[in-house]
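These are the residues of each chain, in order.
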Amino acid sequence: MDSPTLRPAIPDDAEAVAQLHIENWRNTYRGIMPDWYLDGSITEERMILWKTRLSAMANEQQYVVIAELSRKIAGFACILLDKERQWGACLDNLHVLPQLRRSGIGRALFSKVTQWVLTTKPGWPIHLWVFESNINARNFYDALGGNIILVKDKQVLESVWVQSCLYLWKDLNALQQRLCGDSIRQIAEPTTL
């Protein structure tokens, strides 16, 4: 497989990013989130989210990076500086096409947003939330040295709560070394956040 090209997202990417986000959630969260949501309102909600986020790319509080193979989106990551600032930067999304998981794209995306945080907010940690039952994602983040600092029911939709783990990386230089090291090539990449 060719190496992916990484680039900042632009407003024209909103629909493709939303579609990948929707596909991954439907694939991964069936049985975790309600079917009525995954089969219905997720589409409009994710389209609005990504059109809004990518129309505001001048926002210095976020960075969205796209991984492309043959000029098609293979994955994306989004990190936010203004969401739960008490834990540092929030890796809000990391998604890779299902058929391209375990190819290194997830690591490349995570590395790119880590570099951005190191440059933009030196000394800041990175955190993320992952559903406790999303074992593939948890294995990936565990292998990258993420520390679970909190487990709690987190509201994901009105009247829908899911047990979730808060991961934290304080030393981004160590995280970057793990992301770039050969020792993790065989570790499963997350299916979704």
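Residues numbered from 1 in each chain as written. Predicted model: local features only at pLDDT ≥ 70, side-chain atom pairs only at ≥ 80, totals over all residues. Heavy atoms only, no water.

**Student:** Whenever I open this one, the packing of aromatic side chains confuses me. Can you help?
**Tutor:** Two measures describe an aromatic ring pair: the distance that separates the ring centres and the angle between the ring planes. Overall, the coordinates contain twelve aromatic pairs when judged by the stated rule. When the centroid spacing of 4.6 Å and the interplanar angle of 55° are considered together, the rings of tyrosine 29 and phenylalanine 131 count as tilted. Here tyrosine 29 is found in the loop between α1 (14-28) and α2 (35-55), whereas its partner phenylalanine 131 is found in strand β5 (residues 126-131), with 102 residues between them in sequence. Neither residue differs from the other here; tyrosine 29 and phenylalanine 131 are each classed as buried. A network of ring pairs unites the aromatic residues Trp25, Tyr29, Trp36, Tyr37 and Phe131 as a single cluster. The ring of tryptophan 50 has arginine 53 lying over it, and the distance from NZ or CZ to the ring centre is 5.0 Å. A cation sits over an aromatic face here: lysine 154 above tryptophan 129, 4.6 Å from the ring centre. (Phe/Tyr/Trp six-rings, centres within 6.5 Å; stacked < 30°, edge-to-face > 60°. Helix = DSSP H or I, 4+ residues; strand = E, 2+ residues; numbered from the N terminus. Buried < 20%, exposed > 50% of the residue type's maximum accessible area, 1.4 Å probe, protein only. Lys NZ or Arg CZ within 6 Å of the ring centre and 35° of its normal.)

**Student:** So what exactly am I meant to see when it comes to the sheet that holds strand β1 (residues 5-8) here?
**Tutor:** Picture the strands of a sheet paired through backbone hydrogen bonds; they go either parallel or antiparallel. Pairing within the open sheet is mixed, and its seven strands lie in the order β1-β2-β3-β4-β5-β7-β6. Every interior strand has two partners, whereas the edge strands, β1 and β6 (147-157), have only one. Between one strand axis and the next, the sheet turns through 30° on average, direction left out of account. Helix-sheet contacts for helix α3 (residues 105-120) involve β1, β2 (62-69), β3 (72-80), β4 (89-96), β5 and β7 (160-169), and the interaxial angle to β2 is about 150°. (Pairing = 2+ DSSP bridges. Axes fitted to C-alpha atoms, helices over the stretch in contact; angles between N-to-C directions. Contact = heavy atoms within 4.5 Å.)

**Student:** What's the story with the packing of α1 against α2 in this structure? I'm lost.
**Tutor:** When two helices pack together, their arrangement is captured by the angle between the axes and the distance separating the axes. Between α1 and α2, whose axes approach to 8 Å, the crossing angle comes to 145°. Note on packing geometry: the crossing formed by α1 with α2 is right-handed. Contacts between α1 and α2 involve Ala14, Glu15, Val17, Ala18, Gln19, His21, Ile22, Trp25 and Arg26 from the former and Tyr37, Leu38, Asp39, Ile42, Thr43, Arg46, Met47, Leu49, Trp50, Lys51 and Leu54 from the latter. Taken together, the residues of the contact of α1 with α2 sort by class into twelve nonpolar, three polar and five charged. (Left-handed = near helix turned anticlockwise from the far one by under 90°. Nonpolar A, V, L, I, M, F, W, Y, C, P; charged D, E, K, R; others polar.)

**Student:** It is not clear to me how the layout of surface pockets should be interpreted in this structure. Could you clarify?
**Tutor:** Unfilled space is identified by rolling a water-sized probe across the atoms. One number sums up the size of the largest pocket: a volume of about 430 Å³. Lining the largest pocket are 23 residues, with Trp25, Lys83, Asp92, Lys154 and Val156 sitting closest to its centre. At the level of elements, α1, α2, β4, β5 and β6 are the ones that each hand at least two residues to the lining of the largest pocket. Top element by residues in the lining of the largest pocket is α2. It accounts for five residues. Its residues placed into classes, the lining of the largest pocket shows 13 nonpolar, four polar and six charged. (1 Å grid on protein atoms, 1.4 Å probe; cavity = no way out; pocket = protein on both sides within 12 Å on 5 of 7 lines; lining within 4 Å. Points joined across faces, edges and corners; volume = space filled by probe spheres on them.)

**Student:** Even after reading the chapter, I still don't get the pairing of β6, so can you show me in this structure?
**Tutor:** In the case of a regular strand, side chains alternate between the two sheet surfaces. For β6 and β7, the ladder comprises nine bridges, and the chain directions are antiparallel. Bridged to isoleucine 148 within β7 is tyrosine 167. Hairpin geometry of β6 and β7 is characterised by an intervening segment of two residues between the two adjacent antiparallel strands and by a positive phi of about 65° at serine 159.

**Student:** Looking at this model, I keep getting lost on helix α5 (residues 172-180). Mind explaining?
**Tutor:** Two residues of an α-helix separated by three or four positions point the same way, owing to the 3.6 residues in each turn. Along α5, the residues classified as buried are Leu172, Leu175, Gln176 and Leu179. For α5, the arc enclosing every buried residue in end-on projection is 100°, short of the 170-degree limit, so these residues lie on one face. Of the exposed residues in α5, the ones pointing more than 90 degrees away from its buried face are Asn173 and Gln177. Those residues of α5 that are buried are in contact with α3, β5 and β7. Where α5 starts, the residue carrying a side-chain oxygen 3.1 Å from the main-chain nitrogen of asparagine 173 turns out to be aspartate 171. (Arc of directions from axis to C-beta. Polar contact = N/O pair within 3.5 Å; in protein donor to acceptor, adjacent residues only side chain to side chain.)

Read these as layout, nothing more, since geometry by itself doesn't imply function.
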